[in-house]
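Topology and contacts: notes
Listed below, chain by chain, are the residues.
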Amino acid sequence: QVQLVESGGGLVQTGGSLRLSCAASGRTFSVYAMGWFRQAPGKEREFVAAISGNGGSIAYTDSVKGRFTISRDNAKNTDYLQMNSLKPEDTAVYYCAAKSGALGHLELAEEYDDWGQGTQVTVSS
């Protein structure tokens, strides 16, 4: 089990940037693939991005490709989601999640073992 704490959310204007961080404690961080998901009011939780334990495999949902970048620093037990060119439709609570074992389907929330508490991102028009 790993404990996850997100930070970096906030209010930003359209076109602005935010960098989310997810700090992990517990087991060895590098064994976990890390994912970011988001949930807007009245909508289901959706996949945003994921990165494998060694950073060699990365995936994004189509709506954020070219705008968001996921990365990780295993020495700091932290992964990041750099969000640029933000749009009002990016407004949501953003959650980081950790997945142990084989990579599997990183876009599926049910594949993940541990979740953070979420951080609010609001993009004003």
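Placed above this text is the structure.
These lines cover the structure that appears in this document, whether it is placed above or below. (Residues numbered from 1 in each chain as written. Predicted model: local features only at pLDDT ≥ 70, side-chain atom pairs only at ≥ 80, totals over all residues. Heavy atoms only, no water.)

**A word on the overall build of the protein**
Here is the rule we go by: Segments assigned H or I by DSSP are reported as helices when at least four residues long, segments assigned E as strands when at least two residues long, and all are numbered from the N terminus. Each radius of gyration is computed over the set of C-alpha atoms, and the globule rule expresses the reference value as 2.2 Å times the number of residues to the power 0.38. Partly exposed residues are those whose accessible area sits between 20% and 50% of the maximum for their type, while under 20% is buried and over 50% is exposed, using a 1.4 Å probe and protein chains only. Whether two residues touch is decided by their heavy atoms; if any such pair falls within 4.5 Å, the residues are in contact. Exposure was quantified through the Shrake-Rupley algorithm and a 1.4 Å probe, taking into account, for residues, occlusion by the shown protein chains and nothing else. Charged-residue counts in this description rest on Lys and Arg as positive and Asp and Glu as negative, His and the chain ends being excluded. Charged side chains are reduced to one point each, which is NZ for Lys, CZ for Arg, CG for Asp and CD for Glu.
Looking only at helices and strands, one finds 0 helices and 11 strands in the protein. In the protein, the succession of helices and strands from N to C terminus is β-β-β-β-β-β-β-β-β-β-β. A compact globule built from 125 residues would reach a C-alpha radius of gyration of about 14 Å, and the protein, at 13 Å, matches this within 12%. With 125 residues in all, the protein has 43% of them scored as buried. For the protein, the proportion of contacts with a sequence separation of at least 24, taken over those separated by at least 6, is 57%. Of the roughly 6100 Å² of accessible surface on the protein, a fraction of 47% belongs to carbon and sulfur atoms. The positive charge centre, built from 11 side chains, and the negative charge centre, built from 13, are 5 Å apart in the protein.

**So, the packing of aromatic side chains**
To be explicit about the condition: When two rings of Phe, Tyr or Trp (its six-membered ring) have centres within 6.5 Å they constitute a pair, described as stacked for plane angles under 30 degrees, edge-to-face for angles over 60, and tilted for the intermediate range. Only lysine NZ and arginine CZ atoms are considered, and such an atom sits over a ring when it is within 6 Å of the ring centre and within 35 degrees of the ring normal.
With the rule as written, the count across this model stands at 4 aromatic pairs. Judged by centre distance (5.6 Å) and plane angle (70°), the rings of phenylalanine 37 and phenylalanine 47 are edge-to-face. Of this pair, phenylalanine 37 sits in strand E4 (residues 33–39) while phenylalanine 47 sits in strand E5 (residues 46–51), and the two are 10 residues apart along the sequence. For the residue pair phenylalanine 37 and phenylalanine 47, the accessibility class agrees, reading buried in each case. Through a chain of ring-to-ring contacts, three or more aromatic side chains come together here, namely Phe37, Phe47, Tyr112 and Trp115. Against the face of tyrosine 80 rests arginine 19, its NZ or CZ located 4.0 Å from the ring centre. Here arginine 72 stacks its cationic end above the ring of phenylalanine 29, 4.4 Å away from the centre of that ring.

Keep in mind these values describe shape, not function.
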